[in-house]
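These are the residues of each chain, in order.
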Amino acid sequence: MAEHTIIGKSVRKVDGIELVTGKAKFTADMKFPGMLYGYELRAGVPAGIIESIDASEALKEPGVHMVLTAKDLLGPNLIGVLPPFDQPVLPDREIRYAGESIALVVADTREGAKRACRNIKAVITPIEPILTMEQALAEDARKIHPQGNVTFSRTLTKGNVEQGFAEADVVIEGSYTTTFQDHCYIEPEIACAVPSGDNRITLYVSCQSPFHIRGHVAANLNVPASKVKVVQAYTGGSFGGKDDAAVEIGILAGTAALKLGRPVTIAHEREESIAGTNVRHAAEIAYKTGARKDGTITARQVKVLLDGGAYASESPFVTMKAMIHASGPYAIDHIEVESTSVYTNKTYAGAFRGFGVPQVTFASESEIDELAKHLGIDPLELRRKNGLKAGDKTATSQVYDQSVGYLQTLDAVEPSLRETGTKENDGRYLYGTGIASVIQGISNGAEGVDVVGASVQMSQDASVLVGCGLAEMGQGSRTVFSQIAAEVLGIPVDWVTVRQVDTDAVHDSGPTVASRSTTVGGMAVKQAAETVRQSLVKMASLMFKTDESMIVLKEGFAVLTVDDTARIPLRDVATAAYWTGFPLMHLAFSQAEPADFDHDTHQGRVYIAYNFGTHLMHVKVDRYTGEVEVLKHVASHDVGKVVNPMAASGQVEGASLIGFALGHMEKVEYKDGIIQNPTFADYAFPSIRDRIPTETIFVEDPTPHGPYGAKGIGEPPVAAAAAAFANAVSQAVGHRFTHIPITREDIAAVLQEEV
Ligand code: MTE
Ligand code: MOS
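All of these numbers come straight from a predicted model, not from anything done at the bench.

Q: Would you mind going over the overall build of the chain with me for this structure?
A: A count of helical and extended segments in the chain gives 18 helices and 31 strands. Computed over the C-alpha atoms, the radius of gyration of the chain is 27 Å, within 12% of the 27 Å expected from 2.2 N^0.38 for a compact globule of 755 residues. Principal-axis analysis of the C-alpha atoms gives the chain an extent of 85 × 75 × 50 Å. By the burial criterion, 62% of the 755 residues in the chain qualify as buried. Across the chain, contacts joining residues at least 24 apart in sequence account for 80% of those joining residues at least 6 apart. Carbon and sulfur atoms provide 51% of the accessible area of the chain, an area that totals close to 27,400 Å². Seen as two clouds, the 68 positive and the 92 negative side-chain charges of the chain have centres 4 Å apart.

Now the structure itself:
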């Protein structure tokens, strides 16, 4: 194996200092002369018809500059992720969820705008809301959208499940449900639009897909995309959530800014973030699994229903992802998965760390444990027996001949399982250990674009500027890109700067989703750096008057392979290359091999790679109160190659905590279509005190499609942690919970029944 000097090292976050010292500029820190503030008036009823909106009183208030409603918008008033777009920026007639904005007030201050909202007279005729998927799918149901209430539906067919069930000795069935979860990023959605003198408009936005925003803002301002510049400000977390939300407020702020000729900022309050913008899909999932006595799984049949709320948003992708991943990291000959997302009159659901995989993984892994119980086989052995290996066919019949490190993740947690699995219950406390595995496709693959453009530009002093269209939102992509560029060019990490995304200056690289930055983005950075490296090596060979093969770049020098003391500083090489006319900048594209996917059966090549993982959770349950303590959490993932152990473990910890919270505490609660807990006072989510003791064990089975073999790790632990928690608690309590979150109250209720 090649020796690396920077790859594989725990380099400190390159933007860490400015973040922890408060120097980093978030959108709320952007102040421009004459800046105004917008506040959105929200519907307040889950379904209704807007009869009229009278803003005359609000406009009389001092400091109020404008009230925007649908009729004032400049463009098609349509947004979404996939055409045909179904979501208005502001509805002109029909209201489809209670948190939907129906008007924007722009005033000197945010408080003023908020106050003025109360004086807008919106006459809305409520209509009977459709609040459950069952209601939405009823034959005579009112149509929330003209095309009906099914947002997107697909079926994956591998082999023949009837045959698979016929071959089985046991067939078990289960139904599982999950609830809505909010992203709870520390910084709610915010956008600031600034008209510039050159007939352009600049948006400073907290976001994760700046080009997606540029496209939608331009279309809805009715200007060419090149007239809009989107600058991604430091982003206080996104987790999938700011893809859509930033588009909505970007358009509103942009429209107001253009009309008034002044900068306009719209910053959401927490309540707006929870009730107004996307959440994780709630799901109802039915599994049927057949197996032989020896544990071989012969067939799985799955029906997934996803509650997508009022608009499609990313439902199509979530539906696809749930479908592709529902059968788990197992080699099964016969699989059928029907996956459907449904419109209801609730806050729309979109992308959220894991993208449909956590829901199905919880259900799938619960059922695998149930199967193990039925067959009298150890849950880990059952997984091992069926686990995917290199050369096996995945659910879509794709075969990977490398980077299928699933079984090693089982090996990694096994010692902890043997150690904790024997813990005896004592009077008040019940102990349980659960494991759960995950498979998660990396990058978009057959779901969408898989190209990333990245530029590497070296200055004459040998410092480097990297530009990429993928956004840093806390996950550490700037650090990873810095490490890759530094490794290739033989320079220290702190000679590299990864610029913030500015759509004027970097190439559109598609959305920053699906844990793709390290893999596909990193590959582009590596390729661009390698081209710059060629110029340096060529220049150094001229300077040394020797062959290019005799040159290595390291520690900021060009060095002769045969004599480590023969060194020329890279700044001299770079300066010489500049004067000689050797290019010191390159824009490279990493293009994944094209997916080859049958969109009827959903068989074929989908993703460039999968991340595999197994988590173990060991819990202690208080018999009297239902309180759970996670005593041990081991998370093992095959990440191909660890680029930065500290950062990668941090991702595992953070994602696991979100998974744990999905499994144990978080739920958006509705009553009559209105969210009851849209604040951090009422919405239970983990604080630092709820941190679980995550121990990470990485498996490195490299993929040819990632830089140095690396695969993404940002999302997969969510699913495994939620599922492992459910299995651990179910084991401790001796009761199969088929719903997440399994709250303390749920546990107490079950234990009380038993008394
Ligand atoms: N980590 C932090 N700190 N903040 C975030 O917003 N988003 C997650 C994950 N980790 C997120 C995060 C999500 S949803 C994704 S898809 C990946 O990071 C994207 O980053 P990557 O492509 O670098 O893996
Ligand atoms: Mo992540 S949900 O793919 O943005």
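What follows continues from the structure just given.
Q: How do you make sense of the side chain of Glu314 when you look at a structure like this?
A: Looking at the secondary structure, you find Glu314 in the loop between strand S14 (297–309) and helix H9 (315–325). Comment: no salt bridge for buried Glu314; closest opposite-charge side chain is Lys321, at 8.3 Å. Apart from residues no more than four positions distant in its own chain, Glu314 is found in contact with Val81, Asp243, Asp244, Ala349, Gly350, Ala351 and Phe355.

Q: Even after reading the chapter, I still don't get the site of ligand 1, so can you show me in this structure?
A: Around ligand 1, a shell composed of 16 residues is seen, among which Ser238, Phe239, Met473, Ser517 and Gln651 lie nearest. In the model, a nitrogen atom of ligand 1 is placed 3.2 Å from a nitrogen or oxygen of the Arg353 side chain. For ligand 1, whose free accessible area comes to 530 Å², the fraction covered by protein is 93%. Grouping the constituent residues of the shell around ligand 1 by class yields four nonpolar, nine polar and three charged.

Q: Would you take a moment to explain the nonpolar core for this structure?
A: As a rule of thumb, nonpolar side chains are buried together in soluble globular proteins. Within the largest apolar cluster, 90 residues are counted, with the highest numbers of intra-cluster contacts made by Val621, Val729 and Ile747. Among the elements that take part in this core, helix H17 (residues 716–733) stands out by supplying eleven residues, more than any other. Aside from chain neighbours lying at most four places away, what touches Val729 is Val619, Val628, Phe737, Ile742 and Ile747. Counting residues in hydrophobic clusters, the runner-up holds 51 residues, among them Val11, Met458, Ala486 and Ile568.

Q: How should I be thinking about the environment of Ala168 in this particular structure?
A: With respect to the element layout, Ala168 can be found in the loop between helix H5 (161–166) and strand S8 (170–178). On the basis of relative accessible area, Ala168 is assigned to the buried category, the value being 16%. Separated by 121 residues in the primary sequence, Ala168 and Thr289 have C-alpha atoms spaced 8.9 Å apart. With residues near it in sequence (within four places) discarded, Ala168 still touches Gly290, Ala291 and Thr298.

Q: Any chance you could explain the sheet that holds strand S6 (residues 121–126) here in plain terms?
A: Two orientations exist for strands paired in a sheet by backbone hydrogen bonds: parallel and antiparallel. Across the sheet, three strands lie side by side as S4-S2-S6; this open sheet has antiparallel pairing. Pairing within the sheet leaves two strands with one partner each, and these edge strands are strand S4 (94–95) and S6. Pairing between strand S2 (residues 48–54) and S4: two bridges, direction antiparallel. Pairing of Gly48 across the sheet is with Ile95, part of S4.

Q: Even after reading the chapter, I still don't get the domain arrangement of the chain, so can you show me in this structure?
A: Interfaces are often sized by the amount of accessible area the parts lose when they come together. You can read the domains of the chain as domain 1 (16–23 + 451–591), domain 2 (31–127 + 189–267) and domain 3 (282–445 + 598–754). Here the C-alpha centroids of domain 1 and domain 2 sit 38 Å apart. Contact with domain 1, which involves 19 residues of that partner, is made by 18 residues of domain 2. The junction of domain 1 with domain 2 conceals about 1,500 Å² of combined surface from both sides, 50% of it contributed by carbon and sulfur atoms.

Q: Help me understand the packing of helix H14 (residues 517–544) against helix H15 (residues 570–580) in this model?
A: For any two helices packed against each other, the geometry comes down to the angle between their axes and how far apart the axes lie. Where H14 meets H15, the closest approach of the two axes is 9 Å, and the angle between their N-to-C directions is 95°. Considered as vectors, H14 and H15 are oriented roughly perpendicular to each other. Touching Leu536, Met539, Ala540 and Met543 of H14 are Leu570, Asp572, Val573, Ala574, Ala576, Ala577 and Thr580, all from H15. Here the contact of H14 with H15 is built from residues that sort into nine nonpolar, one polar and one charged.

Q: Can you walk me through the pattern of salt bridges in this structure?
A: Opposite charge on two side chains permits pairing when their charged atoms draw close. Counting across every chain of the model gives 37 salt bridges. Of the charged contacts, one joins Glu94 and Arg96 as a salt bridge, the two residues approaching to 3.8 Å between their closest N and O atoms. With respect to class, Glu94 is no different from Arg96; both count as buried. Of the charged contacts, one joins Asp504 and Arg200 as a salt bridge, the two residues approaching to 2.9 Å between their closest N and O atoms.

Q: What is the right way to read the pairing of S14 from this model?
A: Two faces, one strand: in a regular strand the side chains alternate between the faces of the sheet. In terms of residue burial, S14 counts as a mostly covered element, since eleven of its 13 residues are buried. With ten bridges connecting them, strand S13 (residues 282–291) and S14 associate as antiparallel partners. When the sheet's bridge partners are listed, Ala291 is paired in S14 with Ile297. Here S13 folds back onto S14 in antiparallel fashion, the turn holding five residues, of which Gly295 has a positive phi close to 100°. Regarding topology, H9 serves as the crossover connection from S14 to the parallel strand S15 (residues 334–343), and that connection is right-handed.

Q: Sorry if this is basic, but what is going on with the packing of aromatic side chains here?
A: By convention here, two paired aromatic rings are described through the distance between centres and the angle between planes. The tally for this structure, following the rule as stated, stands at 16 aromatic pairs. Centre to centre, the rings of Tyr607 and Tyr610 are 5.4 Å apart; their planes meet at 80°, and the pair counts as edge-to-face. Tyr610 carries the same exposure label as Tyr607, and that label is buried. Ring geometry for Phe680 and Phe685: centres 4.4 Å apart, planes at 40°, overall tilted. Classification of Phe680 by relative accessible area gives partly exposed; the value is 31%. Relative accessible area serves as the criterion here: at 24%, Phe685 is assigned to the partly exposed category. A cation over an aromatic ring shows up here: Lys288 above the ring of Phe165, its NZ or CZ 4.4 Å from the ring centre.

Parameters and conventions
Residues numbered from 1 in each chain as written. Chains lettered and ligands numbered in written order. Predicted model: local features only at pLDDT ≥ 70, side-chain atom pairs only at ≥ 80, totals over all residues. Heavy atoms only, no water. Helix = DSSP H or I, 4+ residues; strand = E, 2+ residues; numbered from the N terminus. Rg over C-alpha atoms; globule rule 2.2 N^0.38 Å. Buried < 20%, exposed > 50% of the residue type's maximum accessible area, 1.4 Å probe, protein only. Contact = heavy atoms within 4.5 Å. Areas by Shrake-Rupley, 256 points an atom, 1.4 Å probe, with all protein chains shown as cover. Lys, Arg positive; Asp, Glu negative; His and termini not counted. Charge placed at Lys NZ, Arg CZ, Asp CG, Glu CD. Salt bridge = Lys/Arg side-chain N within 4 Å of Asp/Glu carboxyl O. Near = heavy atom within 4 Å. Polar contact = N/O pair within 3.5 Å; in protein donor to acceptor, adjacent residues only side chain to side chain. Nonpolar A, V, L, I, M, F, W, Y, C, P; charged D, E, K, R; others polar. Core = buried A, V, L, I, M, F, W, Y, C linked by side-chain atoms within 4.5 Å. Pairing = 2+ DSSP bridges. Domains from an automatic or database assignment. Buried area = accessible area lost by both parts, 1.4 Å probe. Axes fitted to C-alpha atoms, helices over the stretch in contact; angles between N-to-C directions. Parallel < 35°, antiparallel > 145°, perpendicular 65-115°, else oblique. Right-handed = clockwise from strand over helix to strand, strands pointing away. Phe/Tyr/Trp six-rings, centres within 6.5 Å; stacked < 30°, edge-to-face > 60°. Lys NZ or Arg CZ within 6 Å of the ring centre and 35° of its normal.

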